[in-house]
Amino acid sequence: PKRKKKQPIPINFGKSVLNNNLLNQLNITKTLYSKYEDEEEASKNISQTLVNEAMDDVYKRGDDVMKGFISLHFLLALIFAGFTNTWGITFLVGFTTWVVFAFVVFWKPRQFFTRAFAGISIQIFVILHIYQFQGLGELRFFFFTAFTIMIVYQDWKALMPSFTLMLIQYAV
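Residues numbered from 1 in each chain as written. Predicted model: local features only at pLDDT ≥ 70, side-chain atom pairs only at ≥ 80, totals over all residues. Heavy atoms only, no water.

**Thoughts on the overall build of the protein chain**
The condition is simple: Under the DSSP-based scheme used, a helix requires at least four consecutive residues in state H or I and a strand at least two consecutive residues in state E, with every element numbered from the N terminus. For the exposure calls, accessible area comes from a 1.4 Å probe over protein chains only, and a residue counts as buried if that area is under 20% of its type's maximum, exposed if over 50%, partly exposed in between. Residue exposure ignores everything except the shown protein chains as possible cover, and the areas themselves are Shrake-Rupley values with a 1.4 Å probe.
The helix and strand tally for the protein chain stands at seven helices and two strands. Seen in sequence order, the protein chain has helices and strands lined up from the N terminus as β-β-α-α-α-α-α-α-α. Per-residue burial for the protein chain yields a buried fraction of 32% across its 172 residues. Entry remark: accessible area of the protein chain is about 11,600 Å², with carbon and sulfur atoms responsible for 64%.

What follows is the structure in structure tokens.
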């Protein structure tokens, strides 16, 4: 048999009726709206508050995923160093990038600065891999995988610094 959909209980606010399932289920409407005098301002600010709360979890997960991927790129750089005898530059660039990213995540978790720096860090490893193999063209494809993993943040603005870094690297 078909299930009957639960209809939200309308909540009156000023002249209109708010039919928001989430707000009705959580019973937080009065608390949220009580801070604002006018309905339009309340709707705008509450919507932004809910978006910020939802994205906060996405950014936390993104920071965790990027810590793993940057660690894997450092490990990959160490493996490549064994083949190419580039231990000095690998430890200097790789370890420094890895430590600085870990510090940035600790210092400013879930912030735009951290998301942008994650992209830059992973592109630094791409540049390191290309250097380790003396510019081998196939290693330039790491750019695409590194760029794609940034999707975990769901923030297109965080892609711009790493994209700019790679444009500069290709121009040089």
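Picking up after the structure, the text goes on.
**Examining the side chain of His73**
The following threshold applies: Polar contacts, as counted here, are pairs of nitrogen or oxygen atoms within 3.5 Å of one another; within protein the pair requires one atom able to donate a hydrogen and one able to accept it, and residues that are adjacent in sequence qualify only if both atoms are side-chain atoms. By definition in these notes, contact holds between two residues if any of their heavy atoms fall within 4.5 Å.
Position of His73 relative to the elements: it lies in helix H3 (residues 39-84). Engagement of the side chain of His73 in a polar contact is seen with the side chain of His129, the distance being 3.0 Å. Among all residues touching His73, those that are not within four sequence positions of it are Ile122, Phe125, His129 and Phe142.

**Considerations on the packing of aromatic side chains**
Here is the rule we go by: Only Phe, Tyr and Trp rings take part, Trp by its six-membered ring, and two of them pair if their centres are within 6.5 Å. Stacked means planes under 30 degrees apart, edge-to-face means over 60, and tilted covers everything else. Think of it as a cone above the ring: NZ of Lys or CZ of Arg counts as a charge over the ring if it is within 6 Å of the ring centre and within 35 degrees of the ring normal.
Tallied over the full model, the rule gives 14 aromatic pairs. On the numbers, 4.9 Å between centres and 85° between planes, the contact of Phe80 with Phe133 is edge-to-face. In this pair, Phe80 is assigned in helix H3 and Phe133 in the loop between helix H5 (112-132) and helix H6 (142-149), connecting sequence segments 53 residues apart. The exposure class of Phe80 is buried, given its relative accessible area of 12%. Judged by relative accessible area, which is 27%, Phe133 ranks as partly exposed. Pairing Trp87 with Phe91 gives two aromatic rings, centres 6.1 Å apart and planes at 25°, and the pair type is stacked. Here Trp87 pairs with Phe91, and both are found in helix H4 (residues 87-107), just four residues apart, close to one helical turn. When its relative accessible area of 43% is taken as the criterion, Phe91 is described as partly exposed. One aromatic cluster in this structure is built from Phe141, Phe143, Phe144, Phe147 and Phe163. Over the ring of Trp107 we find Lys108, and its NZ or CZ is 4.9 Å from the ring centre. Arg115 extends its terminal NZ or CZ atom over the ring of Tyr59, reaching a point 3.7 Å from the ring centre.

Keep in mind these values describe shape, not function.
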